[in-house]
Amino acid sequence: MRLGIIELMDSHSTLIHSLINIYDFDQNEIVIFTTPIIKEYLRDLGQSDNVQFVIKPDGQNLKSFLNTLRAYELDKAYITTFASDLTILSRSRPGFPVCLFIHNINEWIKRTPVKKIKDFIEAVKIHGIKKFAYQLKKQFIYPILNRKISIMVTGSGGKFIVLNSLLKEQLADTFPGEEIEILPFWIYDNRLSAPPTPKDSSRLSICIPGKLSTTRRDYMNLFHFIAEHLDLFIQNFELILLGNKSPFKEERSDEIIKAAESLQEKGFRVQFYNEFIPFQEYSRILSGSDILLGNVITQQGIGRSYGLTKDTGMIYNMVHAAKPGFVPEGFKVAKEFQDYIIVYENYDTLLEKLLRIKNDRTLLARLQKKARKASENFEPYQIYKRIEKNKDK
C-alpha cells in the first residue's frame with residue numbers, strides 16, 4: 001500500500017511520527033507531503049526506504065501543490081493539518097480514501113443558527129473587536145467549509161479520525177459511528193518502559209511534557225505554589241519542563257522560563273529547554289521520569305475543553321512511555337486511560353498525592369504496571385492490525 005500523509009503547518013510532527021510507525025509494516029510505502037520544518041523535526045527517522053518526503057516549495061500555491069498528489073497513485077491518505085488549511089480539497093475528487101484528523105470536535109458539532117449567533121457575540125465580548133473578522137469566519141463560514149470537506153471525505157471512502165473513545169462519542173451525532181476511527185496521537189514504545197537506570201531515589205521526578213504555553217498549561221500558579229512550599233519541593237521532587245518555546249507571544253514562553261530560572265536560583269531542581277527536542281532525546285527524558293503532570297487549563301474558549309472536545313498530547317505521552325500521570329479535576333478522561341491517570345482537585349491535594357507516591361515506591365510501581373498494561377494496546381502493530389481488520393466496515 002502507498003500511504004500519503006498531508007501536513008502543511010509546521011505542527012503535528014508527533015502525530016506524523018505515530019502514523020509512520022503504525023504503517024511501517026507489510027512493505028507499505030509512506031509519502032509525506034509537508035514543509036521543510038516538519039521534515040527537519042522528523043530527522044530521527046533516518047533514511048528509511050519506506051518513507052519519502054514531498055516538500056512544498058516556497059511560492060508554490062496550495063492548489064498546485066495538492067494537485068501533485070495524484071501523480072503518486074496513493075491508496076489512502078491522512079490529513080493531519082487543520083481542515084481550514086485545506087478547504088481547496090473540498091472542491092476536489094482525490095481518487096483515493098482521505099482520512100481527516102478532527103482536532104477540535106466543537107468545530108464539527110451541529111449547531112442551530114441561534115447558537116452560532118450567541119457564540120459569535122460571546123466570542124467578540126471576550127476577544128474584542130480585533131478578532132471580529134476571525135470570529136465571523138469561525139462561527140459562520142468555517143462550518144460551511146467543514147460541511148463541504150466532510151462530503152469530500154465520505155465520498156472518497158475515507159474516515160474521520162479522533163484520538164480517543166470519548167471524542168468519538170461527542171462526534172457521533174455528526175457522523176455515523178462507522179465513519180469515525182480512533183488513532184493515537186503517539187504510540188507505545190516498549191523500549192521505554194524497561195526499568196530505568198538507577199538514579200537519585202530520594203526525589204520523585206515529575207515531568208510536564210508539551211510546548212511551553214500559558215494558554216495550554218497552568219505553569220504560573222504551579223510555580224507560585226512550589227515557591228510557597230519550597231522546602232518540601234526541594235527535598236522531595238524535581239521538575240522537568242519537556243517542551244520547547246512557542247513561537248506565539250500570547251503563550252508567554254519567556255515568562256515561563258524566567259519563572260523556572262527563579263526557582264532554580266532558590267535551589268529547586270527544574271530542567272527546561274529553549275529549542276526543539278529531537279524525538280529520541282525527548283523519549284529518553286520522558287522515560288527517565290517517574291510520573292507525568294498534565295496541569296492543563298481545561299477550558300480553552302467557547303465550547304472548547306480538553307478531554308471533551310479536544311485531546312491533549314499529554315495523555316499519549318503517558319502511553320508512549322507507559323507512565324502514570326495527573327490531570328486536574330474537570331478534565332474528562334476516556335475509559336481506556338482511567339486505570340493509571342489520577343485526578344487532583346487543586347495543588348494542595350496534588351502535593352498530598354505526590355508525597356504519598358514519593359514515600360511509597362510500591363504504589364508507584366503498581367501505577368506503572370497498570371500504565372504498561374494499558375499502553376500495550378497502543379503498540380504500532382496492534383493498531384495496524386485493527387485498522388486492517390476494520391478497513392472494509
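As shown above, the structure is provided for reference.
Residues numbered from 1 in each chain as written. Predicted model: local features only at pLDDT ≥ 70, side-chain atom pairs only at ≥ 80, totals over all residues. Heavy atoms only, no water.

The subject of this paragraph is the pattern of salt bridges. Scanning the model with the defined rule gives 7 salt bridges in all. A salt bridge links Arg-216 to Glu-251; its shortest N-O distance comes to 3.6 Å. Pair noted here: Arg-216 is in the loop between β8 (204-209) and α7 (219-228) and Glu-251 is in the loop between β9 (237-242) and α9 (253-265), with a separation of 35 residues, a long-range link. The exposure class assigned to Arg-216 is partly exposed, which follows from its relative accessible area of 27%. (Salt bridge = Lys/Arg side-chain N within 4 Å of Asp/Glu carboxyl O. Helix = DSSP H or I, 4+ residues; strand = E, 2+ residues; numbered from the N terminus. Buried < 20%, exposed > 50% of the residue type's maximum accessible area, 1.4 Å probe, protein only.)

Before going further, it helps to examine the pairing of strand β4 (residues 76-79). Neither face of β4 is left uncovered, since the one carrying Lys-76 and Tyr-78 and the one carrying Ala-77 and Ile-79 both have all their residues buried. Where strand β1 (residues 2-6) lies against β4, 4 bridges are found, and the strand directions are parallel. Note on β4: the bridge partner recorded for Gly-4 is Ala-77. (Pairing = 2+ DSSP bridges.)

Attention now moves to a negative patch on the surface. On the surface, a cluster of negative charge is made up of Glu-228, Glu-329, Glu-345, Asp-348 and Glu-352. Tracing the sequence through the fold places Glu-345 in the loop between β13 (341-344) and α12 (347-359). For Glu-345, a relative accessible area of 42% translates into the label partly exposed. (Patch = residues over 30% accessible without salt bridge, like charges linked within 9 Å, V, L, I, M, F, W, Y side chains within 5 Å. Areas by Shrake-Rupley, 256 points an atom, 1.4 Å probe, with all protein chains shown as cover. Lys, Arg positive; Asp, Glu negative; His and termini not counted. Charge placed at Lys NZ, Arg CZ, Asp CG, Glu CD.)

This part takes up the side chain of Asp-218. When you line up the elements, Asp-218 lands in the loop between β8 and α7. No salt bridge is formed by the buried Asp-218; its nearest oppositely charged neighbour, Arg-252, is found at 8.9 Å. In this structure, Asp-218 is in contact with Asn-295, Ile-297 and Tyr-347, ignoring residues within four places of it in sequence. (Contact = heavy atoms within 4.5 Å.)

Turning our attention to α9. Here α9 contains 13 residues, and its C-alpha end-to-end distance of 19 Å stays within 8% of the 18 Å for a straight helix at 1.5 Å per residue. Buried within α9 we find Ser-253, Ile-256, Ile-257, Ala-260 and Leu-263. End-on, the buried residues of α9 take up no more than an arc of 120°, which puts them together on one face. Structural note: α9 exposes Lys-258 and Glu-265 on the side pointing more than 90 degrees away from its buried face. Those residues of α9 that are buried lie in contact with α7, α8 (230-236), β9 and β10 (270-271). One or two positions beyond α9, positive phi appears at Gly-267, with a value near 105°. (Expected span 1.5 Å × (residues − 1). Arc of directions from axis to C-beta.)

A few words now on the sheet that holds strand β12 (residues 325-328). The 6 strands lie next to each other as β10-β9-β8-β11-β12-β13, forming an open sheet whose pairing is parallel. A single partner strand is all that each edge strand has here, and the edge strands are β10 and β13. Here 2 bridges tie β9 to β10, and the two strands are oriented parallel to one another. Counterpart to Leu-239 in the pairing with β10 is Val-270. Contacting β8, β9 and β11 (291-293), α7 runs over the sheet at an angle of about 160° to β9. On top of the sheet, α12 reaches β8, β9, β11, β12 and β13; it is set at about 140° to β13, its chief contact. (Axes fitted to C-alpha atoms, helices over the stretch in contact; angles between N-to-C directions.)

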